[in-house]
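Chain by chain, the residues:
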Amino acid sequence: ETVDLLRYYAAQCREHLAAPRLLPGPTGERNELRLRGRGVFVCISPWNFPVSIFTGQIAAALAAGNTVIAKPAEQASLTGVHAFSLLLRAGIPAEALHFLPGDGATLGAALLREARVAGVAFTGSAETAQAINRTLAARDGPIATLIAETGGINAMIVDSSALPEQVVRDAAQSAFNSAGQRCSALRLLCLQEEIADEVLRLLAGWMDQLVIGDPALLATDVGPVIDPAAHAMLTAYLRENARSIRHQCSLDARHARGLFIAPTVLELPTPRALTREVFGPVLHVVRFASSGIDALVDSINATGYGLTLGIHTRVDAVAERIAARARVGNVYVNRNMIGAEVGVQPFGGMGLSGTGPKAGGPHYLPRFAVEQTLATNTAAVGGNASLLSLGPDAA
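All figures in this text were calculated on a predicted structure; none of them were measured in a lab.

**Topic: the sheet that holds strand β10 (residues 245-248)**
On the basis of which strands lie adjacent, the open sheet formed by 7 strands has the order β10-β11-β12-β9-β8-β14-β15 and mixed pairing. At either margin of the open sheet sits one strand with a lone partner, and together these are β10 and β15 (330-333). Direction aside, neighbouring strands of the sheet carry axes that sit 20° apart on average. Bridge analysis of strand β9 (residues 188-192) against strand β12 (residues 282-288) gives 5 bridges, and the strand direction is parallel.

**Brief notes about the sheet that holds strand β6 (residues 117-123)**
Backbone-to-backbone hydrogen bonds pair the strands of a sheet. The strands run either parallel or antiparallel. As summarised here, the arrangement of the 5 strands in space is β5-β4-β3-β6-β7, forming an open sheet in which the pairing is parallel. Only two strands of the sheet have a single neighbouring strand rather than two, namely β5 (97-99) and β7 (145-149). Between one strand axis and the next, the sheet turns through 15° on average, direction left out of account. In this sheet, strand β4 (residues 67-71) lies alongside strand β3 (residues 40-44) in parallel orientation, the contact comprising 5 bridges. In the strand pairing of β4, Cys43 is matched with Ala70. Those strands touched by helix α4 (residues 104-112) are β3, β4 and β6, and its axis lies near 160° from that of β4.

**With respect to the side chain of Asn31**
Mapped onto the fold, Asn31 is located in strand β2 (residues 29-37). At a separation of 3.2 Å, a polar atom in the side chain of Asn31 contacts the side chain of Glu29. Beyond its immediate chain neighbours, meaning those up to four positions away, Asn31 contacts Arg21, Leu22, Leu23, Pro24, Gly25, Leu374 and Ala375.

**Considering the pattern of salt bridges**
For the coordinates displayed, the defined rule picks out 15 salt bridges. Note that Arg187 is salt-bridged to Glu277, the shortest N-O span being 3.8 Å. One end of the pair, Arg187, is in the loop between α6 (164-176) and β9; the other, Glu277, is in the loop between β11 (264-267) and β12, and 90 residues separate them in sequence. We classify Arg187 as buried; its relative accessible area is 1%. Between Asp298 and Arg325 there is a salt bridge, and its shortest N-O distance comes to 2.9 Å.

**A few points about the environment of Ala94**
Of note, Ala94 is situated in the loop between α3 (77-89) and β5. The class for Ala94 is partly exposed, based on a relative accessible area of 46%. Along the sequence, Ala94 and Glu15 sit 79 residues apart, while their C-alpha atoms lie 25 Å from each other.

**Some words on unusual backbone geometry**
Of the consecutive residues Gly356 and Pro357, the connecting peptide bond is found in the cis state with omega at -10°. In this structure, Pro357 sits in the loop between β16 (350-351) and β17 (369-377). With phi around 55°, Asn334 is a residue other than glycine that occupies positive phi space. Considering the arrangement of structural elements, one finds Asn334 in the loop between β15 and β16. Residue Asn334 is classed as partly exposed on the basis of its relative accessible area, which comes to 30%.

About the criteria used
Residues numbered from 1 in each chain as written. Predicted model: local features only at pLDDT ≥ 70, side-chain atom pairs only at ≥ 80, totals over all residues. Heavy atoms only, no water. Pairing = 2+ DSSP bridges. Helix = DSSP H or I, 4+ residues; strand = E, 2+ residues; numbered from the N terminus. Axes fitted to C-alpha atoms, helices over the stretch in contact; angles between N-to-C directions. Contact = heavy atoms within 4.5 Å. Polar contact = N/O pair within 3.5 Å; in protein donor to acceptor, adjacent residues only side chain to side chain. Salt bridge = Lys/Arg side-chain N within 4 Å of Asp/Glu carboxyl O. Buried < 20%, exposed > 50% of the residue type's maximum accessible area, 1.4 Å probe, protein only.

This is how it looks when you write it as structure tokens:
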């Protein structure tokens, strides 16, 4: 993914920034649209994609002509410095790229108040993105650019025409791969009531086969969560919602030595009962009637998040109807909801899930740049005076 982002943004740079874009105009006039960097960009990346997002933000900002201060998540500082060293070895000038690890609150407060910072690229929580936005808005001077990609209460809607075995495979991968620690991970599985019991029975059987352990081992399906704070938050959440647990994987004494959370399915009465993103291997399930699909989509929209949405149906008209009504950035039909491909499924959301444009897409790179239009009257009397100094043979 990192290599894909680097190659994609290089290609986008050649297309959008290497030469001016000619615009139509009257005869005798040349109109050019030029893109150039905004200045200094602060790139703040998360721990869950510590190479690809870290490097992708940097590459886009540099390709658009900016200099970059790269600040990785505290949990990913060693990975960040290694990726940074590779970028320097590849030829990125040290004057253009600076690595600044450390505490986010302390560094962010200093950097974001600095008037010379022209823009911020951020991937993380919606709460932190809102805090960054408020800090930038409070500054005097030029208005800074914020490019943010945050999380989501991502849903998968499954109607009665869907194949239960395929639903279970895709739901389990989307909810439990990477221990649920992906922005795009499935959080809310919405099952039409006619097939809900069968899907949940099959899902429980799938979960019982999951191997929970060391993520360095190929046989492992689910590893630990990132740090003690995340483990404590998820443990408390499951304890508070113990009565809603429909199925939960088993942990044994080996797992007590690590930060493991048992993959868990909770059943909720309505989608509105899930009020925040739960960043871990926790899947919430709701049932809906066939006549209530529009109301279901509206309730998902009402959360304010809009990152990913899964649809499982064998009726094309149903998929189109849901996709048209949903306010989300990425919609996946009859497949899992994770693993967006660079240039194929540009990734990003709307509302509380991000500002756009989408990373790995054709509109991302220009957001790091400013536009300048140059209009020249090529029919002006006297022509190009610089050619006259070359003598009578210049023509």
